[in-house]
Each structure stands twice: as structure tokens, then as C-alpha cells.
Amino acid sequence: MTTTTAEPRSTEPRTAPAAPATPAELRSADLERRIAQDPAGFRVLTGDRPTGALHLGHYFGSLRNRVRLQDLGVDVIVLIPDYQVITDRDTAERLGEYTDGLLLDYLALGIDPARSTVFTHSAVPALNQLMLPFLSLVSVAELNRNPTVKDEIAHSRQSTVSGLMLTYPVHQAADILSCKGDVVPVGLDQLPHLELTRTIARRFNERYGKLFPEPDALLSTAPLLLGTDGTKMSKSRANSIPLSATADETARLLKGATTDADRHITYDPDTRPNVSSLVLLAALCLERDPHEVAAEVGDGGAAALKRTVTDAVNSHLEPFRARRAEYAKDLTYVRSVLRAGNERANALAEATLDEVRKAMGAFR
């Protein structure tokens, strides 16, 4: 079952001045143009850790884009990095349940097993073997100063920092380079991770001969959605709206969302972030301008705003929920999709590992 998710009309404020593009944004825009010209010439590696249910932030931030790229003809590979769950927690609780949930969400959203590949890290041993030579190409100082790792350590659930946490970017490099992915959709906060992958690919090529592409970042243009408590929507913060939630559960969660004391609803992300995030969520679901949505709610206050958002979200997710329920009736099929994906990922990674061994010479 395949669906094509329509891209919404622009939800940026019409009067907002355009900020100067950064070098990363310029490269991303150029990459988008090249993908449009020759989608079959690119391979995307992306994924989600199985640590909880995917939510609306994931949906508008990355999931729809995966389906868009797939439907353009890009080779999309989606990794479920189950081994990486233990980078910032002591145990991998409910791993099977969460993995099944990710698969159901992917299929219901339109990831097509005939055109995209979904696999788990633990099913591809070559990924971990690739980490060893890659680790030799980076210094401890480079790992220590990675700002993304620093932030993840600061929010870690572990009492001490594990070696796996410190080497997490190298783990990701092995994931990307194992299939020779050349496009990685990321947010700005993930650029340091990807830059280290590019560094590893470049250093390997310089030392042992040209083997790896230097993957480019395809930056997300999706706006940030806040959670129900006013902070970034996150699985670990218990403030998200899961895609798998029922209509009633969604209504309950949105009813408890933080707003402010001003009854008149406006869209002003800088001064009214909580209210504006709710307005934006409704606008994204309705494919409308957020200023128009806010104007319609007007003096209705937070209660009217939350009703508008709830109706918009439930209406938008209704087809997804129906498809997900159908897939959930046949978990045997769902898991067969993963088995097939694991087989392809193994073939790709084993071929890459064999090339690495030959390039390094002494490991034949």
C-alpha cells in the first residue's frame, strides 16, 4: 500500500523577512535541485531510534519528506537503530513493541517496501565491524568537542557517560557509509554528526583510495513544533502527540497543552510560542496559512484554539489511523517487510565491508 503525502502550502509568515542563507542551507538547496533532476542517482539513509512512539513532530519534521523522496524515485533506506537505544539509557525496554510500532507507522504513512528499505541495526553485523577502522580515523579530541554529543550527554539518562555515547557519531557514520548513502535528511542540530561522517569518508579515501561518497545534508525546512508543555516535542519528555494515539487520546493531550493568558489568538512565534505552535499545527494539518487560522479563532480563546487544533489533527490523521489498524491485523506481513529489508541491508553492508578490507590491504 503506497500513499503520496501532499506537501502543504507555505506556512511561513508572509511578511517575515528572509534571513541570509547559511552555507549549509545553500548546499541543501542545491542538493534538492539535483535530486529533482536525477532522483534515481541518490540514496538516502535516515531513521528513528525505537525508544517510543513517533509523534507529530516526527511526522511534519521528517516522515512526510521520506515518502516524498521515495515517490520522486530516490532510493530511501530507513534504519531502526535498535543497538543505539543503549547509548543514553541502561536498558532497551519494550524494544520489540517499539520496533513493531515504527514499522506500522512507516507503512501506514506510505513507505513502500517495493521502493524503500527498512532494517534494524542488530540484524547487520557488518555495521559494527565498520566502526573499528572508522574509529581509527578520528581523534578523541574531535569526539569530545562534538556539540551534538555534548548536548546528548547533558540530557543522558545514564549516571556516567559510556564509550558508546562518545562514539555515537562514528556509529552513525558506519550506518550511512555501509550503504554508501549520499543524502542524509537532518536538522541543523545534527550537522556536526554528519560533518564527522564526511570527515571519516574523506580520510578513508585519502588513506586507502576512493571508496566512499561524502554524504550531503538535506536540511529540513519544517518549523519546530512544541510539545504540550511548551518545550520541544520529544518522546522522552512525555509531551508529544503520538501518531498512534486515538482521536480521544489526541483530544485529551491537546486539551492539556500550555497556552497563555491572552484570550485573543494570534500567530506570533517570537512572543507567543506556545499559542503559535498550536496555531501552526492546525495550519499544517489544514494546509493553510497560520495567520488565517489564528484570525478565525480570534477572541475564542485557548479553548476554541484547542478545539480547532484537535479537529484538524484528527481529520488529518484519520486515513493514517485506518491504514495502521489494517496493518496491525497482520503483524506477520509487517515483520516480513523488516526481514526483507534486513536481507538487503546485509548485502549492501557486507559488500562495503569487503571493499574496505581489500582497500586496507592487510585484512584480506
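Residues numbered from 1 in each chain as written. Predicted model: local features only at pLDDT ≥ 70, side-chain atom pairs only at ≥ 80, totals over all residues. Heavy atoms only, no water.

**Thoughts on the overall build of the protein**
When helices and strands are tallied, the protein shows 14 helices and 5 strands. A compact globule built from 364 residues should have a C-alpha radius of gyration of about 21 Å, and the protein, at 21 Å, falls within 12% of that. Summarising its shape, the C-alpha atoms of the protein cover approximately 75 × 50 × 50 Å along the three principal directions. Across the 364 residues in the protein, those meeting the buried criterion constitute 49%. (Helix = DSSP H or I, 4+ residues; strand = E, 2+ residues; numbered from the N terminus. Rg over C-alpha atoms; globule rule 2.2 N^0.38 Å. Buried < 20%, exposed > 50% of the residue type's maximum accessible area, 1.4 Å probe, protein only.)

**Looking at the environment of Asn239**
As for its placement among the helices and strands, Asn239 is situated in the loop between strand 5 (216-219) and helix 10 (247-255). Along the backbone, Asn239 and Gly256 are 17 residues apart, and their C-alpha atoms lie at a distance of 9.9 Å. Leave out the neighbours within four places in its chain, and Asn239 touches Gly227, Thr228, Asp229, Thr231, Lys232, Met233 and Ser234. Among the polar contacts made by the side chain of Asn239, one reaches the side chain of Asp229 at a distance of 2.8 Å. (Contact = heavy atoms within 4.5 Å. Polar contact = N/O pair within 3.5 Å; in protein donor to acceptor, adjacent residues only side chain to side chain.)

**Notes on the packing of aromatic side chains**
Two aromatic rings are characterised by how far apart their centres lie and by the angle between their planes. With the rule as written, the count across this model stands at 5 aromatic pairs. Between Phe204 and Phe212, the aromatic rings sit 5.2 Å apart at their centres with planes inclined by 70°, giving edge-to-face as the arrangement. For the pair shown, Phe204 and Phe212 are each scored as buried. Taking 6.3 Å as the distance between ring centres and 15° as the angle between the ring planes, the aromatic pair formed by Tyr327 and Tyr333 counts as stacked. The exposure class of Tyr333 is partly exposed, given its relative accessible area of 32%. Through successive ring pairs, a cluster of aromatic residues spans Phe134, Phe204, Tyr208 and Phe212. In this structure, Arg64 is placed above the aromatic ring of Tyr59, and the distance from its NZ or CZ to the ring centre is 5.5 Å. (Phe/Tyr/Trp six-rings, centres within 6.5 Å; stacked < 30°, edge-to-face > 60°. Lys NZ or Arg CZ within 6 Å of the ring centre and 35° of its normal.)

**Here we look at the side chain of Asp175**
Mapping Asp175 onto the fold places it in helix 8 (residues 168-178). Buried charged residue Asp175 carries no salt bridge. Nearest counter-charge: Arg49, at 9.9 Å. Looking at Asp175, its side chain comes within polar contact range of the side chain of Gln84, at 2.8 Å. For Asp175, the contacting residues outside a window of four places in its chain are Leu45, Leu79, Gln84, His121 and Leu127. (Lys, Arg positive; Asp, Glu negative; His and termini not counted. Salt bridge = Lys/Arg side-chain N within 4 Å of Asp/Glu carboxyl O.)

**Overview of the pattern of salt bridges**
A full pass over the atoms with the stated rule returns 24 salt bridges. Ionic pairing is found between Glu296 and Arg288, a salt bridge with its closest N-O pair at 2.6 Å. The exposure class of Glu296 is exposed, given its relative accessible area of 56%. Taken together, the shared-partner salt bridges connect Asp30, Arg33, Arg34, Glu195, Arg198, Arg202, Glu214 and Asp216 into one network.

**Things to note about unusual backbone geometry**
Unusually for a residue other than glycine, Arg94 sits at a positive phi of about 60°. Tracing the backbone shows Arg94 in the loop between strand 2 (75-80) and helix 3 (95-109). One non-glycine residue with positive phi stands out, namely Glu287, at about 55°.

**Things to note about the confidence of the model for the protein**
Here the protein shows a mean pLDDT of 90. Residues at 70 or above account for 91%. Every residue in residues 1-17 is under pLDDT 50, and counting partners more than four places away or in other chains gives 41 contacts. (pLDDT = per-residue confidence, 0-100.)

**With respect to the packing of helix 3 against helix 13 (residues 301-328)**
Two elements in contact, helix 3 and helix 13, have axes separated by 8 Å at closest approach and are oriented at 125°. As far as their axial angle goes, helix 13 and helix 3 are oblique. Considering how the two elements wind past one another, helix 3 and helix 13 form a crossing that is right-handed. On helix 13, the residues touching Gly101, Leu104, Asp105, Leu107, Ala108 and Leu109 of helix 3 are Phe320, Arg323, Arg324, Tyr327 and Ala328. (Axes fitted to C-alpha atoms, helices over the stretch in contact; angles between N-to-C directions. Parallel < 35°, antiparallel > 145°, perpendicular 65-115°, else oblique. Left-handed = near helix turned anticlockwise from the far one by under 90°.)

**Some thoughts on the nonpolar core**
Counting 56 residues, the largest nonpolar core has Leu56, Tyr106, Leu243 and Leu281 as its most contacted members. The dominant element in this core, judged by the number of residues it contributes, is helix 11 (residues 273-286), at 9 residues. With sequence-adjacent residues up to four places away left out, Leu56 is seen in contact with Leu225, Met233, Ile241, Leu243, Leu281, Val313 and Leu317. Core analysis: the next-biggest nonpolar cluster, separate from the first, contains 36 residues, Leu45, Leu79, Val124 and Val170 among them. (Core = buried A, V, L, I, M, F, W, Y, C linked by side-chain atoms within 4.5 Å.)

**Observations regarding the side chain of Thr228**
Mapping Thr228 onto the fold places it in the loop between strand 5 and helix 10. Those residues in contact with Thr228 that lie beyond four places of it in its chain are Asn239, Ile241, Leu253, Gly256, Ala257 and Thr258.

**Overview of helix 8**
The buried count for helix 8 comes to 11 of 11 residues, which makes it a mostly enclosed element. Where helix 8 is concerned, the buried positions are Tyr168, Pro169, Val170, His171, Gln172, Ala173, Ala174, Asp175, Ile176, Leu177 and Ser178. Following helix 8 by one or two positions, Lys180 has its phi on the positive side, about 55°.

**Overview of the pairing of strand 5**
Relative to strand 5, strand 4 (residues 183-186) is paired through 4 bridges, and the arrangement is parallel. Residue pairing in the sheet places Val183 in a bridge with Asp216 of strand 5. In this fold, the crossover linking strand 4 to strand 5 by way of helix 9 (residues 191-208) has right-handed handedness. (Pairing = 2+ DSSP bridges. Right-handed = clockwise from strand over helix to strand, strands pointing away.)

**Looking at the environment of Arg252**
Structurally, Arg252 can be placed in helix 10. Distance from Arg252 to Ile241, taken between C-alpha atoms, is 9.9 Å for residues 11 residues apart in sequence.

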